[in-house]
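Commentary on secondary and tertiary structure
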Amino acid sequence: MNFKNFYVTSPIYYVNDVPHIGHAYTSIACDVAARFKRLDGFDVRFLTGTDEHGQKVEKSALSRGKTPQEFCDEISVKFSDLVKDLNLSNDDFIRTTEERHKKCAQEFWRILERNGWIYKSTYEGWYAVRDEAFYAEDELVNGKAPTGAEVEWHKEESYFFKLSAFQDKLLALYDAVPDFVQPESKRNEVLSFVRGGKDYVKGALRDLSISRTSFSWGVKVPGDEKHVMYVWLDALTNYISALGFPDENSQMIQRFWCDTTDSPVHIVGKDILRFHAVYWPAFLMAAQIPLPNKIFAHGWWTNCGQKISKSVGNVIDPYKELEWIQFFGCDAETAVDYFKYFLLREVPFGNDGDYNRKNLITRVNAELANNVGNLTQRILSMIYKNNNKKIVNISYYDDAKELFEKAYALKDQINVEMDKFAFDQALEKIIIFARACNLFVDQKAPWNLKKEHRIEEMNLVLSTIAECLRYIGIALQPFLPKLAPKILDILNIDEKHRELKHLNSDFALKAGHEINEPKGVFPRLEIKN
Ligand code: MSP
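Residues numbered from 1 in each chain as written. Predicted model: local features only at pLDDT ≥ 70, side-chain atom pairs only at ≥ 80, totals over all residues. Heavy atoms only, no water.

Brief notes about the environment of Tyr-397
The following threshold applies: In this description a helix means any DSSP run of H or I spanning at least four residues, a strand means any run of E spanning at least two, and both kinds are numbered starting from the N terminus. Note on contacts: a residue pair is in contact if any heavy atoms of the two residues lie within 4.5 Å.
One can find Tyr-397 in the loop between helix 13 (357-386) and helix 14 (401-419). Note: C-alpha distance between Tyr-397 and Glu-139 (258 residues apart in sequence) is 67 Å. In this structure, Tyr-397 is in contact with Phe-440, Lys-444, Leu-460, Val-461 and Thr-464, ignoring residues within four places of it in sequence.

What follows is the structure in structure tokens.
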């Protein structure tokens, strides 16, 4: 069966901190993936939210003199606002302090327990509150977690999950579904961890401590309320609690967890891959729940070459960046699209990248303002002024054949890249096509044709490019959801004809089709005097 349902999730964000570029990045990537699938006719669900339990959040709340719940309510809103302010298309926003979630996490626990995967013992070892993660002695680097986080020694009664029993099952999974963890380099890291180094070491996975007694801000362990659930076990279940689990009649579970071929997809940062690619599938196997289709780990942003950190004070605040972009002469809506475009275009998804404002300006001006923007403006204005707003019949225009071949190929090219979450490459294909259009215009020089009174030829050139802009406008929508539709508005293409399936000659602009008055879509970013 080939189901056209698609479920994509971002991590849920810790509320111990206000949102920064790292949080924005993961959600923006999910948004574009979701919009692209919708454009391709899929029934899509995109989930994001906040991760509100755990020692880290409890500590942050107490240090500010607030109860954990008050503190969570205050910060969670900043994340849900960011989603709105970035014009992201999430269908739901889950908070782990919501009843629907707690109910799910507890039921999930009960299932693991019933299936015999949980036992009680004593945990003794290192814990990094910042990572909310346990570390073995041999994982420490200079007395700290491998992530650089401070560790504390813990000894407490704890419930354990029999992770050790899943080593072979996980390896079999990575083998059977080679693209379960993407990109490839990250998959190798996961494989190496589960194998216990390069070669297979039986018993390399240790059982996982999944409850805590030394603080209380968490979901209570069913039947033993002295314990709260380990925050990662609690948090990971958000992906199904938001679909209505454990309600057996939940249609959403059926649609978005079971009846889907190339999802669920969890998009996460590389720092939290282990939790998603090892613990989560093991938990799900233990609960006998189907596994997600893919875990995609993206890289980290640095700020002008420096690691982003609160103590250095170089954390990138998305709101400040949006303000800064507007300073160069564009409105808020345009700034949002430019910012999102830059983040996905600048760095291959999966690699680390450097955030640099100068590069943002250069890229936006070169690719959007000068390339796509210029093409849109100069061609559509000429049609509007010189051909009474009308498109002519281009079906017999032989000179445009090569260009149209490129246009017809665009859909498949983009699909191939989007299947790999290669956002930058999908955009590259569109930008290259727009360049080819500009070259065609330069070669045909319709303004000269006009001077020479070769009006029929001029109209053929202009209408050809209008038709190519239809492809560009449609394809850019997931990436530039506010700006790309403006191209389609000028072209006067109705809402029902803006999907990926319309990227072919059957839906070509017809002779006599009237366009609307062109207005600049992609302002250049420059200091105005
Ligand atoms: N709460 C957990 C996730 C639970 S999911 C069941 C968590 N939250 S987080 O707020 O710390 O991080 C969320 C995401 O932000 C992670 O995917 C992380 O990789 C990402 N980023 C944080 N800083 C980043 C950069 N500097 N660059 C890119 N992304 C980074 O982990």
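Re the sheet that holds strand 5 (residues 133-135)
Which entries qualify depends on this criterion: Only when DSSP finds a minimum of two bridges between them are two strands counted as paired. To obtain an axis, a line is fitted to C-alpha atoms, over the contacting stretch when the element is a helix, and the angle between two such axes runs from 0 to 180 degrees between their N-to-C directions.
In spatial order, the strands read 5-4-6-8; together these 4 strands make up an open sheet with antiparallel pairing. Each edge of the open sheet carries a strand with a single partner, namely strand 5 and strand 8 (208-209). Judged from the 10 bridges that link them, strand 4 (residues 118-128) and strand 6 (residues 152-161) form a sheet pairing that is antiparallel. Along strand 6, the bridge assignment pairs Ser-121 with Ser-158. On top of the sheet, helix 10 (residues 273-287) reaches strand 5, strand 6 and strand 8; it is set at about 30° to strand 6, its chief contact.

Some words on the site of the ligand
Heads up, the rule is: We define proximity as follows: a residue is near a molecule or strand when any one of its heavy atoms falls within 4 Å of that partner. In protein, a polar contact requires one atom able to donate a hydrogen and another able to accept it; more generally it is a pair of N or O atoms within 3.5 Å, and residues adjacent in sequence count only if both atoms are side-chain atoms. Calculation of accessible area relied on Shrake-Rupley with a 1.4 Å probe; when residues are assessed, cover is drawn exclusively from the protein chains displayed.
As a matter of local geometry, the ligand sits amid 23 residues, with Ile-12, Asp-51, Gly-269, Asp-271 and Trp-301 nearest to it. The separation between a nitrogen atom of the ligand and a polar side-chain atom of Asp-51 is 2.7 Å. The fraction of the free accessible surface of the ligand (680 Å²) that becomes covered by protein chains is 94%. Put simply, the parts of the chain that give the shell around the ligand at least two residues each are strand 1 (5-14), helix 1 (21-39), helix 7 (231-236), helix 8 (238-241) and strand 11 (265-269). The dominant element in the shell around the ligand, judged by the number of residues it contributes, is strand 1, at 4 residues.

Digging into unusual backbone geometry
In this structure, Pro-183 follows Gln-182 across a cis peptide bond, with omega equal to -10°. Here Phe-245 and Pro-246 are connected by a cis peptide whose omega angle stands at 10°. Among the structural elements, Pro-246 can be located in the loop between helix 8 and helix 9 (251-258). One non-glycine residue, Glu-132, lies in the positive phi region at around 50°. Relative to the helices and strands, Glu-132 is located in the loop between strand 4 and strand 5. Notably, Asn-492 is not glycine yet its phi reads approximately 65°, a positive angle.

Focus: the packing of helix 11 (residues 318-326) against helix 12 (residues 332-346)
Filter applied, for reference: Crossing handedness is defined as follows: a turn of the near helix away from the far one that is anticlockwise and smaller than a right angle gives a left-handed crossing, while the clockwise case is right-handed. Three classes are used: nonpolar for Ala, Val, Leu, Ile, Met, Phe, Trp, Tyr, Cys and Pro, charged for Asp, Glu, Lys and Arg, and polar for all others, with Gly counted as polar.
The interhelical angle for the contact between helix 11 and helix 12, taken along N-to-C directions, is 115°, at an axis separation of 9 Å. By crossing handedness, the relation of helix 11 to helix 12 is classed as right-handed. Where helix 11 abuts helix 12, its residues Pro-318, Glu-321, Leu-322, Ile-325 and Gln-326 lie against Ala-332, Ala-335, Val-336, Tyr-338 and Phe-339. In the contact of helix 11 with helix 12, the residues fall into 8 nonpolar, 1 polar and 1 charged.

Let's talk about the nonpolar core
Test applied: Throughout this description, the term nonpolar core refers to a set of buried Ala, Val, Leu, Ile, Met, Phe, Trp, Tyr and Cys residues connected via side-chain atoms within 4.5 Å. Buried means the residue's accessible area, taken with a 1.4 Å probe over protein chains only, is under 20% of the maximum for its type, while exposed means over 50%, and partly exposed covers the values in between.
One finds Phe-423, Ile-472 and Leu-491 to be the most contacted residues of the largest nonpolar core, which totals 117 residues. A total of 13 residues in this core trace back to one element, the largest contributor, which is helix 17 (residues 455-476). Among residues more than four places away in sequence, those in contact with Ile-472 are Val-372, Leu-375, Ile-430, Phe-433, Ala-434 and Cys-437. Ranked by size, the runner-up nonpolar core spans 73 residues in total, among them Tyr-14, Tyr-159, Phe-160 and Tyr-239.

Remarks on the packing of aromatic side chains
Put simply, the rule reads: Note on aromatic contacts: the rings of Phe and Tyr and the six-membered ring of Trp form a pair at centre separations within 6.5 Å, being stacked when their planes are under 30 degrees apart, edge-to-face when over 60 apart, and tilted otherwise. Put simply, a charge is over a ring when the Lys NZ or the Arg CZ is close to the ring centre, within 6 Å, and near the line of the ring normal, within 35 degrees.
Tallied over the entire structure, the rule returns 34 aromatic pairs. Between Phe-342 and Tyr-355, the aromatic rings sit 5.8 Å apart at their centres with planes inclined by 80°, giving edge-to-face as the arrangement. You can see Phe-342 sitting in helix 12 and its partner Tyr-355 sitting in strand 15 (residues 353-355), a full 13 residues away along the chain. Here Phe-342 matches Tyr-355 in class, with each residue buried. Taken together, Tyr-25, Phe-296, Trp-301, Phe-339, Phe-342, Phe-349, Tyr-355, Phe-421 and Phe-423 form an aromatic cluster joined through their ring pairs. Stacked on the ring of Phe-42, the Lys or Arg Lys-37 has its end atom at 4.3 Å from the ring centre. For Arg-212, the ring lying beneath its charged end belongs to Tyr-127, and the centroid distance is 4.3 Å.

Some details on helix 4 (residues 99-114)
To keep it simple, the criterion reads: Here, expected helix span is obtained from the residue count minus one, scaled by 1.5 Å.
Here helix 4 spans 22 Å end to end across 16 residues, near enough to the 22 Å set by a 1.5 Å rise per residue. Taken together, the buried positions of helix 4 are His-101, Cys-104, Ala-105, Gln-106, Glu-107, Phe-108, Trp-109, Ile-111 and Leu-112. Phi turns positive one or two residues past the end of helix 4, at Gly-116, with a value near 85°.

Comments concerning the side chain of Thr-96
With respect to the element layout, Thr-96 can be found in the loop between strand 3 (92-95) and helix 4. One polar contact links the side chain of Thr-96 to the main-chain amide nitrogen of Glu-52, over a distance of 2.8 Å. Residues contacting Thr-96, with those up to four places away along its chain left out, are Ile-12, Thr-50, Asp-51, Glu-52, His-53, His-101, Lys-102, Asp-234 and Ala-235.

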